[in-house]
Amino acid sequence: MIILPYALGICMVAITISMFLCLIRLVIGPSIVDRLLALDTLFLNATCLVVVLGIYWTSTNLFEGALLIAMLGFVSTAALARYFTTGHVID
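Residues numbered from 1 in each chain as written. Predicted model: local features only at pLDDT ≥ 70, side-chain atom pairs only at ≥ 80, totals over all residues. Heavy atoms only, no water.

In the nomenclature of an unreviewed UniProt entry, the protein chain corresponds to Monovalent cation/H+ antiporter subunit F from the organism Acinetobacter ursingii ANC 3649. Under the UniProt heading Sequence similarities (unreviewed entry), the entry covering the protein chain gives this text: "Belongs to the CPA3 antiporters (TC 2.A.63) subunit F family." Looking at the protein chain in UniProt, the text filed under Subcellular location (unreviewed entry) is "Cell membrane". (UniProt positions renumbered as here; feature names shortened; annotations may be inferred.)

This is the structure we're talking about:
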């Protein structure tokens, strides 16, 4: 009996629920910091979901997509944090 597909299915459901909760916090967050953290966590969850799907489908192409999502998430979070603290992104 192979347990890996069942474990990956449970992981996909848990990550999807986590993404939904982050989306709710992104929409109704009381402060801009809460929304920024929700966006960063949403990028992290999307990266994890793509990695889990890559393992589930046994495809190596999805890992490059996960790397792109992680890089875009880092750059956008850093740029938004800089914008909200100083008022501009580039000096």
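1. Here's the deal with helix 3 (residues 61-86)
Counted at 1.5 Å a residue, the expected span for helix 3 with its 26 residues is 38 Å, and the 38 Å between its end C-alpha atoms agrees. Buried within helix 3 we find A66, G73 and T77. For helix 3, the secondary structure elements touched by its buried residues are helix 2 (32-56). Just beyond helix 3, the residue with positive phi is G87, at close to 100 degrees. (Helix = DSSP H or I, 4+ residues; strand = E, 2+ residues; numbered from the N terminus. Expected span 1.5 Å × (residues − 1). Buried < 20%, exposed > 50% of the residue type's maximum accessible area, 1.4 Å probe, protein only. Contact = heavy atoms within 4.5 Å.)

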